[in-house]
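Commentary on secondary and tertiary structure
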Amino acid sequence: MGKVKSLSKNTIYPFWITLAGALLMAVMLFLPYASATENFENELMESPEQTFSMSTKMTNEEVVNLSLFDYLKIDCAGMDYAATKAVAIANLVIISVFGVFVLLTILMAVLKKPIATIVFDVLAIIAFAVIHFDFSDRGIIPSSKYDRGIANYLTFILGAVVLAGAVWLFIEKRKAKKQTETEQINMG
């Protein structure tokens, strides 16, 4: 059987900071990535139950704040149209890649593997930056209808928190390993 690694006093804080940051990055998939501008929101809320798009079956009220998960639903609906199929596939892939890297970051944080956590966190941040660039380049966000939502900003900040926590965890684990080696040499 494998050994269960316990947290030393010095690694508990970096571990929890890293894990909390990674879990919150996953939550960013469901928080508003785009928020309707004030004028567009007023226009939508004049008839909140009206269907905004027949292909997505989303109401006006549901499209006031759009998460990356909502964009996945929109892109899935866009697969039915030849004109938007390539863009929809590209968005599905990059948003899914971001989600997978976030999940791998969480897994590596739980396993207390700081180097792997750093690698997957950086890959998640790069994937998110590609999403960010794509939406900006195509004029989706910001636009006359949508501004950047909270997830647009927090994801980069949380990525930095995870990175800092994982580096701190790595340093503390190295210190503990060196201390253990020194104690073993002194005892032997």
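I will try to describe carefully the structure that is included in this document.

Observations concerning the overall build of the chain
- Check the secondary structure of the chain and you find six helices and five strands.
- A globule of 188 residues ought to have a C-alpha radius of gyration of about 16 Å, yet the chain, at 21 Å, is considerably larger.
- Structurally, the chain occupies a C-alpha span of about 75 × 30 × 30 Å along its principal axes.
- Split into buried and exposed, the 188 residues of the chain put 37% on the buried side.
- Of the contacts formed within the chain by residues at least 6 apart in sequence, a portion of 69% connects residues at least 24 apart.
- Of the roughly 11,100 Å² that the chain leaves accessible, carbon and sulfur atoms contribute 66%.
- Positive and negative charge centroids in the chain, built from 16 and 17 side chains respectively, lie 20 Å apart.

Description of the packing of aromatic side chains
- As enumerated under the stated definition, the model contains eleven aromatic pairs in all.
- Centroid distance tyrosine 71 to phenylalanine 135: 4.8 Å. Interplanar angle 85 degrees. Geometry classified as edge-to-face. One end of the pair, tyrosine 71, is in helix H3 (residues 68-78); the other, phenylalanine 135, is in helix H5 (residues 114-137), and 64 residues separate them in sequence. The same class applies to tyrosine 71 as to phenylalanine 135, namely buried.
- Their ring planes at 75 degrees and their centres at 5.0 Å tell us that phenylalanine 128 and phenylalanine 156 sit as a pair that is edge-to-face. Of the two residues, phenylalanine 128 sits in helix H5 while phenylalanine 156 sits in helix H6 (residues 150-187), which places them 28 residues apart along the sequence.
- On the basis of relative accessibility, which here comes to 1%, the residue phenylalanine 128 falls in the buried class.
- Members of the aromatic cluster, connected to one another through ring pairs, are Tyr33, Tyr71, Phe98, Phe128, Phe135 and Phe156.

Description of H3
- The set of residues buried in H3 consists of Leu68, Asp70, Tyr71, Leu72, Asp75, Ala77 and Gly78.
- Contact partners of the buried residues in H3: strand S1 (34-36), strand S3 (58-59), strand S4 (65-66), helix H4 (82-110) and H5.
- Its side-chain oxygen placed 3.3 Å from the backbone nitrogen of phenylalanine 69, serine 67 serves as the N-cap of H3.

A short note on the pattern of salt bridges
- Applying the stated criterion to the full structure yields three salt bridges.
- In this structure, aspartate 70 engages lysine 73 in a salt bridge whose closest nitrogen and oxygen atoms are separated by 3.5 Å. Placement of the pair is aspartate 70 and lysine 73 together in helix H3, with a separation of three residues, close to one helical turn.
- Under the relative-accessibility criterion, aspartate 70 is labelled buried at 13%.
- A salt bridge links glutamate 172 to lysine 175, with the nearest nitrogen and oxygen atoms 3.7 Å apart. Of this pair, glutamate 172 and lysine 175 both sit in helix H6, three residues apart, roughly one helical turn.

Conventions adopted
- Residues numbered from 1 in each chain as written.
- Predicted model: local features only at pLDDT ≥ 70, side-chain atom pairs only at ≥ 80, totals over all residues.
- Heavy atoms only, no water.
- Helix = DSSP H or I, 4+ residues; strand = E, 2+ residues; numbered from the N terminus.
- Rg over C-alpha atoms; globule rule 2.2 N^0.38 Å.
- Buried < 20%, exposed > 50% of the residue type's maximum accessible area, 1.4 Å probe, protein only.
- Contact = heavy atoms within 4.5 Å.
- Areas by Shrake-Rupley, 256 points an atom, 1.4 Å probe, with all protein chains shown as cover.
- Lys, Arg positive; Asp, Glu negative; His and termini not counted.
- Charge placed at Lys NZ, Arg CZ, Asp CG, Glu CD.
- Phe/Tyr/Trp six-rings, centres within 6.5 Å; stacked < 30°, edge-to-face > 60°.
- Polar contact = N/O pair within 3.5 Å; in protein donor to acceptor, adjacent residues only side chain to side chain.
- Salt bridge = Lys/Arg side-chain N within 4 Å of Asp/Glu carboxyl O.

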